[in-house]
Each structure stands twice: as structure tokens, then as C-alpha cells.
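Each chain, letter by letter, is given below.
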Amino acid sequence: MKNDTPSLSDRLSNAAFVTVMKLVQMLPYERRIPLAGRLVSRAAPLLGFSRRVRENLALTCPDLPEAEVKRLERAVPDRLGRMLAEIYSGEEFLTRVRDLPIEGPGAEALALAHAEGRPVVLAVGHFGNYDAWRAALSARGYRVGAIYRPMNNAAFNEQYVAAISAIAEPLFSRSRRGLAEMMKFLRDGGMVAFGFDQYFKRGADLTFFGQPARTPLSAAEMALKMHADLIPVYAIRQKDGLSFRIVVEAPIPLSDAETMTQALNDALEARVRENMDQWFWIHRRWKQR
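Remember, it's a predicted structure, so these values are computed and weren't measured experimentally.

1. Let's talk about the overall build of the protein chain
Counting its regular elements, the protein chain contains eleven helices and nine strands. Here the protein chain has a C-alpha radius of gyration of 19 Å; the compact-globule value for 289 residues is 19 Å, and the two agree. In the protein chain, buried positions account for 52% of the 289 residues. A total of about 14,200 Å² of accessible surface is found on the protein chain, and carbon and sulfur atoms cover 54% of it.

2. Here we look at the environment of Gln 25
Mapped onto the fold, Gln 25 is located in the loop between α1 (8-24) and α2 (29-47). Gln 25 sits 64 residues away from Ser 89 along the chain, and the two C-alpha atoms are 6.9 Å apart.

3. A word on the sheet that holds strand β9 (residues 244-248)
If you walk across this open sheet you meet the seven strands as β1-β9-β8-β2-β5-β3-β4, and the pairing is mixed. Single-partner strands in this sheet number two, and they are β1 (102-103) and β4 (171-173). With four bridges joining them, strand β2 (residues 120-124) and strand β8 (residues 229-237) adopt parallel strand pairing. Opposite Val 120, over in β8, you have Asp 229 as the bridge partner. The strands touched by helix α9 (residues 176-187) are β2, β3 (144-148), β4 and β5 (191-195); relative to β4, the strand with the most contacts, the crossing angle is about 145°.

4. Focus on the packing of aromatic side chains
By the definition in use, this model includes ten aromatic pairs. For the ring pair Phe 172 and Phe 185, a centre distance of 5.6 Å and an interplane angle of 55° mean the geometry is tilted. With Phe 172 in strand β4 and Phe 185 in helix α9, this residue pair connects regions lying 13 residues apart in the sequence. Here Phe 172 matches Phe 185 in class, with each residue buried. Cluster of aromatic residues (ring-pair linked, three or more members): Phe 208, Phe 209, Trp 279, Trp 281 and Trp 286.

5. Description of the pattern of salt bridges
On inspection of all chains with the given rule, the structure shows 23 salt bridges. Between Asp 205 and Arg 214 there is a salt bridge, with its nearest N and O atoms 2.7 Å apart. The network of salt bridges with common partners includes Glu 68, Arg 71, Asp 78, Arg 79, Arg 82 and Asp 277.

6. Topic: unusual backbone geometry
Geometrically, the link from Glu 169 to Pro 170 is a cis peptide bond, its omega value of 10° lying close to zero. Considering the arrangement of structural elements, one finds Pro 170 in the loop between α8 (154-165) and β4. A positive phi angle is found at Phe 209, which is not glycine, with a value near 55°. Position of Phe 209 among the secondary structure elements: in the loop between β6 (204-208) and β7 (211-215). Positive phi values are uncommon outside glycine, yet His 227 reaches one of about 50°. Mapping His 227 onto the fold places it in the loop between α10 (218-226) and β8.

Definitions and cut-offs
- Residues numbered from 1 in each chain as written.
- Predicted model: local features only at pLDDT ≥ 70, side-chain atom pairs only at ≥ 80, totals over all residues.
- Heavy atoms only, no water.
- Helix = DSSP H or I, 4+ residues; strand = E, 2+ residues; numbered from the N terminus.
- Rg over C-alpha atoms; globule rule 2.2 N^0.38 Å.
- Buried < 20%, exposed > 50% of the residue type's maximum accessible area, 1.4 Å probe, protein only.
- Areas by Shrake-Rupley, 256 points an atom, 1.4 Å probe, with all protein chains shown as cover.
- Pairing = 2+ DSSP bridges.
- Contact = heavy atoms within 4.5 Å.
- Axes fitted to C-alpha atoms, helices over the stretch in contact; angles between N-to-C directions.
- Phe/Tyr/Trp six-rings, centres within 6.5 Å; stacked < 30°, edge-to-face > 60°.
- Salt bridge = Lys/Arg side-chain N within 4 Å of Asp/Glu carboxyl O.

Shown next as C-alpha cells:
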């Protein structure tokens, strides 16, 4: 039986994170977000982030100039720090994103599904700030749920789930009970976000950035099971580092799970190539089996 009691190490690391977040929150929003980015960026070498970014880029983009690699070593952790500070900014963050326009070729399909009460599977990657579009859709009355994987650090997980729950609900944990609740929500015409851009040991052998990448098929499988639209959605950070565009792509044609999921990989890759610093290059996306 899994022990959910946080270890001393987990409690200490969580306490340090919460303390930093509370200190950062004392600053005005326009100063808070960049500062959080700088703090994580400067800590990146100690946390192993810089090495991971460099390794992933060497595998997938070997011709990238060294100056750009160095920029991304700093910029990717910076974006992570900004995203965390935004999530923990609560109402201040919501005020900035809830009224953003919903753009893109899939915006009309999304609105129609909402109006007709049909289920939608939203395909999302660790790109931009994936809580910005959740807030924008929820503010429009869209019933938007999301699946999350509980963190290994139970102390961090508790307060992190509380923070993202304040942005939009419901949230469904990756558990038997969470899956059952999520399927009921979809049958009732809800929209549920599925991540697909992390390594998944039992995933399909697909490609991402030209490299084999074991990819979960769950988003496509659920869309097929529920006869639901499968729609990619992104919140793209703008040059000011504070604002976003919410972009919805056209629904992926229903065919088979592997073909549909490869289409998701290809669509995300195109977005990442346009904004290389906005994807989470810190992930071990291309692990060996």
C-alpha cells in the first residue's frame, strides 16, 4: 500500500518552495513574474535543468547554433518559473487571462460542441502556460476538466492541486476513481484536457522532433470511445513575457489512435519550433525503454 505521508525531505523542499512563492507574491504582478523566472533560471544548473535542455536539444536539433542552445538553457527554466508564479497568483492571474479571445481554426468547433453539450477531448502539451487557456475557457462557461498525475512529493502535491483547482475545476487524478469520474463528466458533455507530450513506458512508438518517442494514446482513444472531437489547444506566451494568446487548432480527424496521436505530436512540434523556449525541454521525453 502506498504511503502518502510526506518524508522529512519532501516536507523541507515543499516548505522552501512555499516560502519562496510567498516572498515573490509580495511584489507587484509585473515584477513578480519576471523575478520568479530569473530565480528558476539561475538555479537551473544546480537543479540539472540546463544539462537536460542541452541533451534534448543535442538529440533533436543538432544543428542549432551554440548561442541559441545557451539561450534556451536560460529561457526554458525562466518560463517554468513564470508559469509557477502565475499559477500561485490566483485572482490576479485569472483577471489577466479570463477574457482573452479564443482564436484559431478550431475555435468555432469548440464553441459549437459547447453549445450542443457534446464531449470534447482537449489535447495539450507542456507549452506556454496550460492553465491560461483553462481559465479563459472556464470563464466563458465551458465545462473544462483536466487529468493530472499526483506528484511524488505528497506535501507539494496537496498545495499545488489546491492552486490549480482555484483556476478551473474539476480535476481528475490518474487513478481508477479519477478515470471513472472523468468518463462520467465527458458523457455529460464536458471537456477534458489530456496531456500527451511526456514519455510513457507503455505508449506507442511514434516520433517527435524526428526521434522515436513513446507516446500515450489515451487522448485519441478516449475521443474514439466517446465519439468526441479531439482538439489541440495552446496558450502562447507573448513577447512581453506576461500576456498570452489562446489558440485552438482544428479537430484531429477521427481514424485510429496511433494516426491521431502522431498528428498531435506533429502539431505540437510545429508550435514548439515557432517558440522553442516555451516547451518543457526539461522533460526526459526521449528516454530509452
